[in-house]
Amino acid sequence: MHESWQDFLQHEFNQPYFKKLSKFLHEAYETKTIYPPKQQVFSAFSTDLNEVKVVILGQDPYHEPGQAHGLAFSVQDGVKIPPSLVNIYKEIHEELGSPIPKSGKLTNWQEQGVLLLNNVLTVEAHKAGSHRGYGWEDFTKHCVEYLSKTRPHLVFLLWGRDARNKATLVDKSKHLVLEAAHPSPLSAYNGFFGCNHFKKCNEQLEEWGLTPINW
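Residues numbered from 1 in each chain as written. Predicted model: local features only at pLDDT ≥ 70, side-chain atom pairs only at ≥ 80, totals over all residues. Heavy atoms only, no water.

1. What about the side chain of Ser43?
Note on placement: Ser43 falls in the loop between strand S1 (34-35) and strand S2 (54-58). The buried category is assigned to Ser43, whose relative accessible area is 18%. Contact partners of Ser43, with chain neighbours within four places excluded, come to His69, Gly70, Leu71 and Gln110. (Helix = DSSP H or I, 4+ residues; strand = E, 2+ residues; numbered from the N terminus. Buried < 20%, exposed > 50% of the residue type's maximum accessible area, 1.4 Å probe, protein only. Contact = heavy atoms within 4.5 Å.)

2. Section: the pattern of salt bridges
In a structure, side chains of opposite charge can pair up when their charged atoms sit close to one another. Taken as a whole and judged by the stated rule, the model has five salt bridges. Lys141 is the partner of Glu145 in a salt bridge, and the nearest nitrogen-oxygen pair spans 3.9 Å. In this pair, Glu145 and Lys141 are both assigned in helix H5 (residues 136-150), four residues apart and thus about one turn of the helix distant. Glu179 is paired through a salt bridge with Arg164; the nearest N and O atoms lie 3.0 Å apart. Taken as a pair, Glu179 in strand S6 (residues 176-180) and Arg164 in helix H6 (residues 161-164) lie far apart in primary sequence, 15 residues in all. Here Glu179 falls in the partly exposed class, since its relative accessible area comes to 36%. (Salt bridge = Lys/Arg side-chain N within 4 Å of Asp/Glu carboxyl O.)

3. Looking at the sheet that holds S6
The four strands lie next to each other as S3-S2-S5-S6, forming an open sheet whose pairing is parallel. Two strands bound the open sheet, and with one partner strand each, they are strand S3 (114-118) and S6. On average, each strand axis in the sheet is tilted by 15 degrees relative to the strand beside it, whichever way the strands run. Sheet topology places strand S5 (residues 155-159) next to S6; five bridges connect them, and they run parallel. Within the sheet, the bridge partner assigned to Val155 lies in S6 and is Leu176. Along the sheet face, H5 touches S2, S3 and S5 and points at about 155 degrees away from the line of S3. (Pairing = 2+ DSSP bridges. Axes fitted to C-alpha atoms, helices over the stretch in contact; angles between N-to-C directions.)

The quantities given are spatial measurements derived from coordinates; they are silent on function.
The structure is reproduced here in structure tokens:
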């Protein structure tokens, strides 16, 4: 985790809800197969807080072996690109004409100031959504509020119900919030395809005098 997040994380780790969550996670990692690996749960927070320009909120981590590594929508090199990320790549290609990558690893986005944060940061193997309701939602709610308050200009890309529920936490007088359906094959045709979020995001960053993201 980058030191710039220390104040926020230390405050959250000391809250009663997080102590309860930590107890649950300790037991879960001891007795079950949980993703991502314990040391990668907070990988999103290796992004320097002061460099964050874009926030993408996912749902919960991928729940099959070798996929989740702590960044929303991202998988390690050599892992088959999951359907949601396939659709994200398709949308970027349609909007910007950029070639579709062979890898699903999104660390190059992270290095440019894209915070890839899931709404829930852990999941039991083969059980999508299995760690909902244990406290992660409070953690990410506070994270979005903190980002909105402390950063001057951010673009929030909120896809799907879980992410869009956090739109009200963002100060829209300072930040741009773009909402659409989730890129999952189940919902991508309900408004994710054709959303133009990547183009709109870069246009707004340029308007603020910031370097656009090389998607």
